[in-house]
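Residue strings, one per chain:
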Amino acid sequence: MTVPPIASTPAEDLSLDDSEDGATVDMAAVLEESQVMEVLEKLDRDLVGLKPVKTRIREIAALLLVDRMRGGLGLSSQAPSLHMCFTGQPGTGKTTVALRMATILHRLGFVRKGHLVAVTRDDLVGQYIGHTAPKTKDILKKAMGGVLFIDEAYYLYRQENERDYGQETIEILLQVMENQRDDLVVILAGYKDRMDSFFQSNPGMSSRIAHHLDFPDYSIEELMEIAQLILAEQMYRFTPAAEQAFAEYLEKRMAMPYFSNARSVRNGIDRFRLRQANRLFAKGGRVSKADLITIESDDIYASRVFTEGIPDEVKPPEASPAGEEAPAH
């Protein structure tokens with residue numbers, strides 16, 4: 001259902017009650033029409049933890065809801081600035097929350113379409129003179145009416161390279177974020193320390209960001225809960241011994257490089273499934289439904305996290321020709 005923009009929302013659509021004491025608006029009717037609570041409840045169900053983030057999203061949704069009701073009562077107010085910055089480690093749910101935010105903005109009439117366009121520097125910045133502007137404008141055209149999510153946004157600015165074209169993208173973004181903020185919401189994302197440095201180097205960008213949300217790392221308990229959700233979604237299960245093995249896996253994996261929270265959990269489960277499939281294939285014979293859905297502890301302990309003390313994501317060294325030793329790195 002497409003919700004009309006605030007300025008053109010008819011009074012009757014907001015269940016207004018005109019009286020001598022002034023007009024009123026039925027908040028329950030607005031909530032039911034927009035179905036915003038459905039999005040917020042889905043956010044609670046789908047994402048483990050992240051309480052500070054969920055609280056902030058609810059606050060933003062409440063602000064937008066009140067602005068919609070004010071518009072319905074004819075109260076003039078400037079459209080709120082909705083550009084945002086999401087900071088945190090990889091795999092903490094930033095893209096998922098951005099998707100939900102796009103839906104909320106659409107249902108409350110702040111964007112026309114409610115779609116999300118997720119990009120990185122490579123999608124925006126060209127490699128030669130005259131290439132960047134058309135490339136950036138093409139992405140902006142695709143994102144209009146929705147949300148543009150720029151991951152690792154600090155890579156747009158490379159102070160050490162005077163010939164870098166990222167600054168051209170930033171200048172175009174600044175213009176659009178100011179002049180067309182009623183038709184596009186920009187969400188910048190990345191590591192907190194790097195985003196802080198980016199804003200210090202680009203005060204014009206910092207001044208256009210109204211909402212800063214920091215996504216905390218997940219605890220082991222929350223990662224275990226995420227794993228159970230992923231397993232249920234894919235119709236798998238851990239044995240009690242496998243569940244214990246996975247807890248040990250997480251403790252080791254979190255201390256290693258390239259750990260990315262929920263993303264590492266999903267990647268780990270994908271590898272457990274691979275080993276389970278290989279184990280069943282090697283076993284042969286008749287296979288039961290229980291066999292097909294069960295991940296054993298051996299499927300986890302076979303990980304390089306245990307056998308070599310390195311993440312499975314690290315590319316193994318290339319095999320050397322027979323009789324030759326691999327070169328030292």
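Just so it is clear, the structure is predicted and the values come from calculations on it, not from any experiment.

**A short note on the side chain of S297**
Mapping S297 onto the fold places it in helix 14 (residues 297-301). Judged by its relative accessible area of 15%, S297 is buried. Contact partners of S297, with chain neighbours within four places excluded, come to T239, A241, A242 and A245.

**Quick look at the nonpolar core**
Generally speaking, a soluble globular protein has its nonpolar side chains buried in company with each other. F86, I104 and F246 are the most contacted members of the largest nonpolar core, which totals 59 residues. Sorting elements by how many residues they give to this core places helix 3 (residues 51-72) first, with seven residues. Here F86 is in contact with K94, V97, A98, F149, I187, L188, A189, G190, L213 and F215, once residues within four sequence places are set aside. One finds I150, A153, F198 and F199 within the second-largest nonpolar core, a separate group that totals 29 residues.

**As for the sheet that holds strand 3 (residues 84-88)**
The sheet built from five strands is open, its strands ordered 4-5-6-3-7 with parallel pairing. Here the strands that pair on one side only, and so sit at the sheet edges, are strand 4 (116-119) and strand 7 (211-215). The mean inter-strand angle of the sheet, taken between neighbouring strand axes irrespective of direction, is 20 degrees. As paired strands, strand 3 and strand 7 are joined by five bridges and run parallel to one another. For F86, the partnering residue across the bridge sits in strand 7 and is L213. Lying over the sheet, helix 4 (residues 94-107) contacts strand 3, strand 4, strand 5 (147-151), strand 6 (185-190) and strand 7, oriented at roughly 160 degrees with respect to strand 3. Packed on one face of the sheet, helix 8 (residues 192-201) meets strand 3, strand 6 and strand 7 and runs near 125 degrees to strand 6.

**A word on the packing of helix 11 (residues 240-254) against helix 12 (residues 261-283)**
Close contact between helix 11 and helix 12 brings their axes to 12 Å; oriented N to C, the two are set at 130 degrees. Comparing their axes, helix 12 and helix 11 come out oblique. The handedness of the crossing between helix 11 and helix 12 comes out as right-handed. Across the interface between the two elements, F246, Y249, L250 and R253 of helix 11 pack against S264, V265, G268 and F272 of helix 12. Of the residues assigned to the contact of helix 11 with helix 12, the class counts are five nonpolar, two polar and one charged.

**Regarding the confidence of the model for the chain**
Here the chain shows a mean pLDDT of 86. Residues at 70 or above account for 88%. Confidence, read as mean pLDDT per element, is least for strand 1 (residues 16-17) in the chain (49) and greatest for strand 8 (residues 237-238) (98). Long-range and interchain partners of residues 1-16, a stretch whose pLDDT sits below 50, account for 39 contacts in this model, where long-range means more than four residues apart. Contacts for the low-pLDDT stretch residues 319-329, under 50 throughout, to residues beyond four places or in other chains number three contacts.

**A closer look at the environment of P311**
In this fold, P311 is placed in the segment after helix 15 (304-307). When neighbours within four sequence positions are excluded, P311 is seen to be in contact with R253, M256, P257, R304 and V305.

**Some thoughts on the pairing of strand 6**
Sheet faces and side chains relate simply in a regular strand, where the side chains alternate between the two faces. Of all six residues that make up strand 6, six are buried, and the element is covered over most of its length. The alternating pattern of strand 6 places V185, I187 and A189 on one face and V186, L188 and G190 on the opposite face, and all of these are buried. Pairing between strand 3 and strand 6: four bridges, direction parallel. Bridge pairing links M84 to I187 in strand 6. Relative to strand 6, strand 5 runs parallel, the two being bridged by five bridges. For V147, the partnering residue across the bridge sits in strand 6 and is V185.

**Here we look at the packing of aromatic side chains**
For the coordinates displayed, the defined rule picks out ten aromatic pairs. Look at F246 and F272: their rings are 5.9 Å apart centre to centre, the planes differ by 85 degrees, and that puts the pair in the edge-to-face class. In this pair, F246 sits in helix 11 while F272 sits in helix 12, placing the two residues 26 residues apart along the sequence. Aromatic side chains Y249 and F306 sit 6.4 Å apart centroid to centroid with 45 degrees between the ring planes, which places their arrangement in the tilted category. On the criterion of sequence distance, the pair formed by Y249 in helix 11 and F306 in helix 15 is long-range, its members being 57 residues apart.

Rules and cut-offs
- Residues numbered from 1 in each chain as written.
- Predicted model: local features only at pLDDT ≥ 70, side-chain atom pairs only at ≥ 80, totals over all residues.
- Heavy atoms only, no water.
- Helix = DSSP H or I, 4+ residues; strand = E, 2+ residues; numbered from the N terminus.
- Buried < 20%, exposed > 50% of the residue type's maximum accessible area, 1.4 Å probe, protein only.
- Contact = heavy atoms within 4.5 Å.
- Core = buried A, V, L, I, M, F, W, Y, C linked by side-chain atoms within 4.5 Å.
- Pairing = 2+ DSSP bridges.
- Axes fitted to C-alpha atoms, helices over the stretch in contact; angles between N-to-C directions.
- Parallel < 35°, antiparallel > 145°, perpendicular 65-115°, else oblique.
- Left-handed = near helix turned anticlockwise from the far one by under 90°.
- Nonpolar A, V, L, I, M, F, W, Y, C, P; charged D, E, K, R; others polar.
- pLDDT = per-residue confidence, 0-100.
- Phe/Tyr/Trp six-rings, centres within 6.5 Å; stacked < 30°, edge-to-face > 60°.

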